[in-house]
Amino acid sequence: MISTKKTAQDILQEELLRERIAVLTRASDRLAEALESLKVIDTAIGEEMALLKAPENDPAEGGPAHRRHRKLVSDINEKIEQFNSAREYAEIRKYYLIVTREALGLRRHQRIEEFYRIPPKKRRLVDR
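In this report, we go over the structure that sits alongside the text. (Residues numbered from 1 in each chain as written. Predicted model: local features only at pLDDT ≥ 70, side-chain atom pairs only at ≥ 80, totals over all residues. Heavy atoms only, no water.)

## A word on the packing of helix 1 (residues 8–52) against helix 2 (residues 64–103)
Note the threshold: Only the stretch in contact is used when a helix axis is fitted, and all axes are lines through C-alpha atoms; the angle between N-to-C directions ranges over 0 to 180 degrees. Only DSSP runs of H or I with at least four residues qualify as helices, and only runs of E with at least two residues qualify as strands; both kinds are numbered from the N terminus onward. The labels follow the angle: roughly parallel below 35 degrees, roughly antiparallel above 145, roughly perpendicular from 65 to 115, and oblique for the rest. If you view the pair so one helix is near and one far, a crossing is left-handed when the near helix is turned anticlockwise from the far one by less than a right angle, and right-handed when it is turned clockwise. Ten residues, namely Ala, Val, Leu, Ile, Met, Phe, Trp, Tyr, Cys and Pro, are considered nonpolar, four, namely Asp, Glu, Lys and Arg, are considered charged, and the remaining ones, Gly among them, are considered polar.
Viewed as axis vectors pointing N to C, helix 1 and helix 2 meet at an angle of 165°, and their least axial separation amounts to 9 Å. Classed by the angle they form, the pair helix 1 and helix 2 counts as roughly antiparallel. For the pair helix 1 and helix 2, the crossing hand works out as left-handed. The class makeup of the residues in the contact of helix 1 with helix 2 is 22 nonpolar, five polar and nine charged.

Structure follows, in structure tokens:
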């Protein structure tokens, strides 16, 4: 006859496994949130870059258009700084995920590198 009653050791093993899963889930969720933040900032940069390229913001016109152009460049550079800071944070979160996986005995991280791609740093714009 097969016993279906769990021993104390079985219960402990299940609890440990659940905790390992929870730790990995939290680490990957935080990295995913950091990457989502990067996407939001990148989208905002793209929108402002489109405005910058609009004919009405051509700095050659002089006067108000030139001031608008300079303001847009300043705003974009500020968002680029935010992006680069958020990118550093995402790099740290990715490192924490890999360290957590290592601590739990998971040694291969190629899929992590493929799944959680972190975009390169952005360069500030130079105002003309």
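From this point on, the discussion continues.
## Thoughts on the pattern of salt bridges
What counts, and what does not: The term salt bridge refers to a side-chain nitrogen of Lys or Arg lying within 4 Å of a carboxyl oxygen of Asp or Glu. Partly exposed describes any residue whose relative accessible area lies between the buried limit of under 20% and the exposed limit of over 50%, with all areas from a 1.4 Å probe on protein chains only and scaled to the type maximum.
Tallied over the entire structure, the rule returns 10 salt bridges. A salt bridge links Glu 102 to Arg 107; the shortest N-O distance between them is 3.2 Å. The class of Glu 102 is partly exposed, set by a relative accessible area of 33%. On the basis of relative accessibility, which here comes to 53%, the residue Arg 107 falls in the exposed class.

These figures capture arrangement, not role.
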